[in-house]
Amino acid sequence: MLELREVSKVVEGETHIAPTSLMLTPGSLNVLLGPSLSGKTSLLRLMAGLDRPTTGTVWADGKDVTGVDVRRRNVAMVYQQFVNYPALTVFENIASPLRLARAPAAEIDAKVRAAAELMRLTPYLDRTPLTLSGGQQQRTALARALVKGASLVLLDEPLANLDYKLREELREELPRIFAQSGAILVYATTEPSEALLLGGNTATLHEGRITQFGLTIEVFRNPADLTTAQAFSDPPLNTVAANKTGANFMLGGGLSVVAPKGLADGPYVLGVRPHHLALSAQGKSSAGLGATVSVTEITGSESFVHFPFGGSDWVMLTPGVHEFQPGEAIKVFLDPSRMMVFSADGQVLVN
Amino acid sequence: MKPWNNKAWLFTIPTLVLVAFSAVIPLMTVVNYAFQDTFGNNVFTWVGLDWFRKILHSERFLAALIRNLAFSAIILAIEIPLGVLIALRMPKKGIGVPICLVLMSLPLLVPFNVVGTIWQVFGRNDIGLLGASLKGLGIDYNYVSDPIDAWGTVIAMDVWHWTSLVVLLCYAGLASIPDAYYQAAQIDGASAWAKFRYIQLPKLSRVLTIAVLLRFMDSFMIYTEPFVVTGGGPGNATTFLSIDLVKMAIGEFNIGPAAAMSLVYFLIILLVSWVFYTVMTRHDD
Amino acid sequence: MAAITLDHIRHAYGPNPASPADYALKEVHHTFEDGAAYALLGPSGCGKTTLLNIISGLVRPSEGRLLFDGQDVTDLSTQGRNIAQVFQFPVVYDTMTVAENLAFPLRNRRVPAGEIKAKVAEVLDMIGLAAMAGKKARGLNADQKQKISLGRGLVRADVAAILFDEPLTVIDPHMKWVLRSQLKQLHRQFGRTMIYVTHDQTEALTFADKVAVMFEGEIVQIGDAAQLFDEPAHTFVGYFIGSPGMNVLPIKVDGRRAVIGGQAVALPAGVKIPAGKTIELGIRPEHLTLGRTGLPIRIDRIEDVGRRRIVRGKLEGLDLVIAAPEDGEVPADPHVQIEAGKVGVFADSWRLGTQP
């Protein structure tokens, strides 16, 4: 169990982490999701004990460990850069934490070989890291974190420097490999899609603040506010200002959409996920909006159609190949039941 | 709250003790002398700021100070551009790299007084290679009697001894510029000068700050080489502050004024270094 | 602007290459058409960067010739080739302002001042940095710096091609969307030949008109997004394009049927099966539908990734991945149906063509 109680970090008058409380349970996978400089690394360093919080306390298994040196805590960390001992073999690299702990040779051998097997490094145990591919180097670093048997494993964008496809494979393997160890796994990433693929829990970060923490899929489906919804959307969330009068939201350009019941008249912000926009009506309350295509991007199975709407750039993600030309006028349908409604100050009202 | 683990500080204790003995305690002794007068026998009398007043108004001090500033200015004006130029011309890869680096390091490995001795002999117009050659060419060169020749010799000696340091610093700085910058400049059709002006020089600015500070401080404190070669002469032509200071303290046993002078000297170095540092790093983020 | 022809180009970094394995780039013979946008897509070590460096002039190919509009440029320097390049990490001239950065390539080429001013203003508008024209470039963030790098290529009227070397690596995901679509718009406006190197399939497919998929020093297929997705020429393309990649199932052929364990599937019409080769079936996860009829499968795991679900299971003991919709149901006795006409047959990893 790792608990942050009202932990904050201020460096030279600049707030890196606003007071934050967080509780992480053993065996859980926790994703920190946010753009660069949102405080992911600062938070990881506080958890590890590499930095001392400006205020607040850090608790591990019911003990106050605030300010306890990282070496006395059972913590493993893996970075975006591949950090290995260049002069040691892969075997010795993986064995290094066990050697430091003066484990018996037989135990070291068994643990290293087991970890290497899981990380598919067995053929490379006698090689040195720099003769391996990036993926293998990062696997070595991960295997080292694994054998350490740490109760807290912190991964700071560990796959960011790897090829797209390699990322896909490791992303699938990692949670399962570490889940067996029973450690608390914390994984920092900038990519919403990576958080979704990893599953577990997600904390979305924005300007040094955790905006929401919960089951990954729950945070994605039911964001508490506009900031979280935007942070956790890839492609970006489509938003538009709307005014409610009577039963409808009035959007720019004379478009009106059926509003959910129980909302007072006044200004709102509507959010629509790109894959909830469609080229045909999905229900009888579906509203068709006239759009002028700016760019179409095709991935082979799906198309991203970009168009300006209500003063911002919107994107629709739709299945199939649709080669719309720039300037082409199309009709895009918006299903009111899939719409997120936020108050003018960004609090979620309807999901 | 639990105490933060400060054990790392323990490792600095030996260094702190060493610095205390080698720097802080002597400095405090100097401060002590600077405000007192003595005629020996460990009898001291308090004189306040008298020595400082005397030093700051003494022509001898001001003349030496001007000599120092002129010397440092000339040294920086020669060594920094020359060092950058040589660094730019050094090979970037291949067998030439280690050869150049070793050649460049050689002058730095020679002790100060040996440099002085080498040049003293080298410049003699009866047996020295340089002096005799110049004489053979009909040039009247004599560092013992001609102030300009003496300055020229001391400057040449310092340039020979220390330009390598600037070269090595700049070479390391240049090596850290990613290839992409050169490729981009090539693609943009940049001339060699434009490449230097807009890529190399900006990327070298930090390294150059360090080079300028090191060379300023070192040249401002120059002692051994002119002492060995010219002994401060002819006349007082190459009597720099450090030489004057030693004369005053040891030759004339004027410990009080010498102490005051060394403090002023120290403060000037600090001040000028600070000015250099501030000016050269003003653009840094 | 120029068409770029790679004429039987091969490259080895070591001297005296003896076997094909010594070549970082095995034979590439292809013409990139004038004004089109291409991507070179592949994993690290596939030779895509070597190929880009050959085009830019940083690497001279061991064999073959490089032609720009029919003119041999193999021995020309980078400068002589008139190309522009955007690098992985933003390269800007720190001490210059944004406008000066854009003017730099023109000033170096002694373009008249009035013309420079007009051209810079035009490009500043297009890359959306007009408001920052007078700001020092060092203070900008990564995406603005990448726009400047691109802008330095766009200001030049005579550029043969603009090359991109994984230009979005240091850009945050949200900004990637913006930059990518802007890049595409700029390509359309300027009509320059663009070549974009990346390992990210989304970037390659969405940016380029034609994507060249590279694998172990060779271009295995060149095509648009739909071709690469629907008709991968090689199982590697099937695996590399699409996320998750294509299911590749080893089969036995029995007449017109493919036999997978105890199950049989009809082979696509017109495919002629050669003898003595390993035959595999390639099916995209997107072309499989979960339901109560079809081939019986076992489900191991369902990953809810928001807008859809990735179902991982086994068909006759073989791994099978299915892409299911966000809110579709998963029956207790799951079966899977294959979308008609979407199955590829591969012999020794290469796709078999259909003959009428």
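Residues numbered from 1 in each chain as written. Chains lettered and ligands numbered in written order. Predicted model: local features only at pLDDT ≥ 70, side-chain atom pairs only at ≥ 80, totals over all residues. Heavy atoms only, no water.

Further remarks concern the side chain of S233 of chain A. The residue S233 of chain A is located in the loop between α8 (226-231) and β11 (238-245) in this model. Within the structure, S233 of chain A has its side chain in polar contact with the backbone oxygen of P235 of chain A (distance 2.9 Å). Only 3.3 Å separates the side chain of S233 of chain A from the side chain of R273 of chain A, close enough to count as a polar contact. Ignoring sequence-local partners within four residues, the contact set of S233 of chain A consists of P192, R273 and P274 of chain A together with H174 of chain C. (Helix = DSSP H or I, 4+ residues; strand = E, 2+ residues; numbered from the N terminus. Polar contact = N/O pair within 3.5 Å; in protein donor to acceptor, adjacent residues only side chain to side chain. Contact = heavy atoms within 4.5 Å.)

On to the interface of chain C and chain A, then. Contact with chain C, which involves 37 residues of that partner, is made by 42 residues of chain A. Roughly 3,400 Å² of surface becomes buried between chain C and chain A when both sides are summed, with 52% attributable to carbon and sulfur atoms. Broken down residue by residue, the surface that chain C buries against chain A is led by H174, W177 and R307 of chain C, which jointly contribute 21%. At the junction of chain C with chain A, the criterion picks out eight salt bridges. Here R307 of chain C ties to E302 of chain A by a salt bridge, and the two come within 2.8 Å at their closest N and O atoms. Between chain C and chain A we count 21 residue pairs in polar contact (both at pLDDT 80 or more) in total. Contributing elements (two or more residues each) for the side of chain C that touches chain A: α6 (173-190), α7 (201-207), α8 (225-230), α9 (235-240) and β18 (298-304) of chain C. With eight residues, α6 of chain C is the single largest residue contributor to the side of chain C that touches chain A. Tallied by class, the residues present in the side of chain C that touches chain A amount to 11 nonpolar, 13 polar and 13 charged. (Buried area = accessible area lost by both parts, 1.4 Å probe. Salt bridge = Lys/Arg side-chain N within 4 Å of Asp/Glu carboxyl O. Nonpolar A, V, L, I, M, F, W, Y, C, P; charged D, E, K, R; others polar.)

The next thing to look at is the domain arrangement of chain A. Residue and element names in this part refer to chain A. Domain annotation of chain A identifies domain 1 (2-231) and domain 2 (238-350). The interface of domain 1 with domain 2 comprises seven residues on the first partner and nine residues on the second. Here domain 1 and domain 2 share zero salt bridges between them. Here the side of domain 1 that touches domain 2 takes three residues from α8, the largest share from any one element. Tallied by class, the residues present in the side of domain 1 that touches domain 2 amount to five nonpolar, one polar and one charged. (Domains from an automatic or database assignment.)

When two helices pack together, their arrangement is given by the angle between their axes and by how far apart the axes lie. Residues and elements named next belong to chain B. Between helix α3 (residues 59-89) and helix α12 (residues 255-280), the shortest axis-to-axis distance is 13 Å and the interhelical angle comes to 30°. Seen along the crossing, α3 lies across α12 with a hand that is right-handed. Of the residues in α12, those in contact with F61, L65, N68 and L76 of α3 are M261, V264, Y265, I268 and F276. Its residues assigned to classes, the contact of α3 with α12 comprises eight nonpolar, one polar and no charged. (Axes fitted to C-alpha atoms, helices over the stretch in contact; angles between N-to-C directions. Left-handed = near helix turned anticlockwise from the far one by under 90°.)

What follows deals with the domain arrangement of chain C. All names here are of chain C. Assigned domains of chain C: these are domain 1 (4-236) and domain 2 (246-351). Of note, the centres of domain 1 and domain 2, computed from C-alpha atoms alone, are 38 Å apart. Counting each side, the surface lost to burial between domain 1 and domain 2 is near 900 Å², with a carbon and sulfur contribution of 59%. Interface area lost by domain 1 to domain 2 is led by F229, P232 and T235, which between them contribute 56%. Across the pair K342 and D230 runs a salt bridge whose closest N-O atoms are separated by 3.9 Å. Our count for the domain 1 to domain 2 interface comes out at five residue pairs in polar contact (both at pLDDT 80 or more).

This part covers the nonpolar core. Of all hydrophobic cores here, the largest spans 131 residues; its most connected members are I55, F68, F164, I195, V211 and V213 of chain C. Among the elements that take part in this core, helix α9 (residues 192-220) of chain B stands out by supplying 10 residues, more than any other. With residues up to four places along the chain from it excluded, the contact list for F164 of chain C reads L52, V86, L150, L183, M194, I195, Y196, V197 and F207 of chain C. A76, L98, A143 and L174 of chain A belong to the second-largest nonpolar core, a separate cluster that totals 46 residues. (Core = buried A, V, L, I, M, F, W, Y, C linked by side-chain atoms within 4.5 Å. Buried < 20%, exposed > 50% of the residue type's maximum accessible area, 1.4 Å probe, protein only.)

Turning next to the sheet that holds strand β13 (residues 257-260) of chain C. Residues and elements named next belong to chain C. The strand order β12-β13-β14 describes an open sheet built from three strands, whose pairing is antiparallel. Each having just a single partner strand, β12 (252-254) and β14 (263-266) make up the two edges of the open sheet. When strand polarity is set aside, the average angle formed by the axes of neighbouring strands in this sheet is 35°. Pairing of β12 with β13 involves three bridges; the strand directions are antiparallel. (Pairing = 2+ DSSP bridges.)

Tallied over the full model, the rule gives 44 salt bridges over all chains. One salt bridge connects R257 of chain C with D254 of chain C, and the closest N-O pair in it is separated by 3.2 Å. Accessibility expressed as a relative area gives 41% for R257 of chain C, which makes it partly exposed. A salt bridge links K314 of chain C to D300 of chain C; the nearest nitrogen and oxygen atoms lie 3.4 Å apart. One end of the pair, K314 of chain C, is in strand β19 (residues 308-315); the other, D300 of chain C, is in strand β18, with 14 residues separating them in the sequence. Overall, D300 of chain C belongs to the partly exposed group, its relative accessible area being 39%. Several salt bridges share partner residues, and in doing so they unite E172 and R176 of chain A together with R301, E303 and R312 of chain C into one network.

Here the focus is the sheet that holds strand β9 (residues 210-215) of chain C. Residues and elements named next belong to chain C. Pairing is mixed across the open sheet formed by six strands, whose spatial order is β6-β7-β8-β3-β9-β10. With partners counted over all chains shown, the strands left at the sheet margins are β6 (83-86) and β10 (218-223), one partner each. Neighbouring strand axes in the sheet, compared pairwise and without regard to direction, differ in orientation by 20° on average. Sheet topology places strand β3 (residues 37-41) next to β9; four bridges connect them, and they run parallel. In the strand pairing of β9, Y38 is matched with K210.

We now examine unusual backbone geometry. In this model, D234 of chain A is joined to P235 of chain A through a cis peptide bond whose omega is 0°. Residue placement: P235 of chain A occurs in the loop between α8 and β11. With an omega dihedral of 0°, the bond running from S243 of chain C to P244 of chain C counts as a cis peptide bond. Phi at E207 of chain A is positive, roughly 50°, even though this residue is not glycine. Structurally, E207 of chain A is set in the loop between β9 (201-206) and β10 (209-215). By relative accessible area, which is 65% here, E207 of chain A ends up exposed. One non-glycine residue, E316 of chain C, adopts positive backbone phi at about 50°. Positionally, E316 of chain C belongs in the loop between β19 and β20 (318-325).

Further remarks concern the state of the cysteines. Taken as a whole and assessed by the stated rule, the structure comprises zero disulfides over all chains. Here C100 of chain B is not cross-linked by a disulfide; its sulfur's nearest cysteine counterpart is in C170 of chain B, at 15 Å. (Disulfide = S-S within 2.5 Å.)

Residue and element names in this part refer to chain B. As for its position among the elements, E252 is in the loop between α11 (241-251) and α12. A relative accessible area of 37% places E252 in the partly exposed class. Setting aside its immediate chain neighbours within four residues, E252 contacts R60 and K247.

Moving on, we get to the pairing of strand β8 (residues 184-189) of chain A. All names here are of chain A. Here β8 lies mainly inside the structure; six of its six residues are buried. Of the two faces of β8, the one lined by I184, V186 and A188 and the one lined by L185, Y187 and T189 are each fully buried. Note: strand β3 (residues 29-33) against β8, five bridges, orientation parallel. What sits directly across from N30, in β8, is V186. Of the pairings in the sheet, the one linking strand β7 (residues 152-156) to β8 comprises five bridges and is parallel in character. In the strand pairing of β8, L152 is matched with I184. Handedness of the crossover joining β7 and β8 through helix α5 (residues 164-181): right-handed. (Right-handed = clockwise from strand over helix to strand, strands pointing away.)

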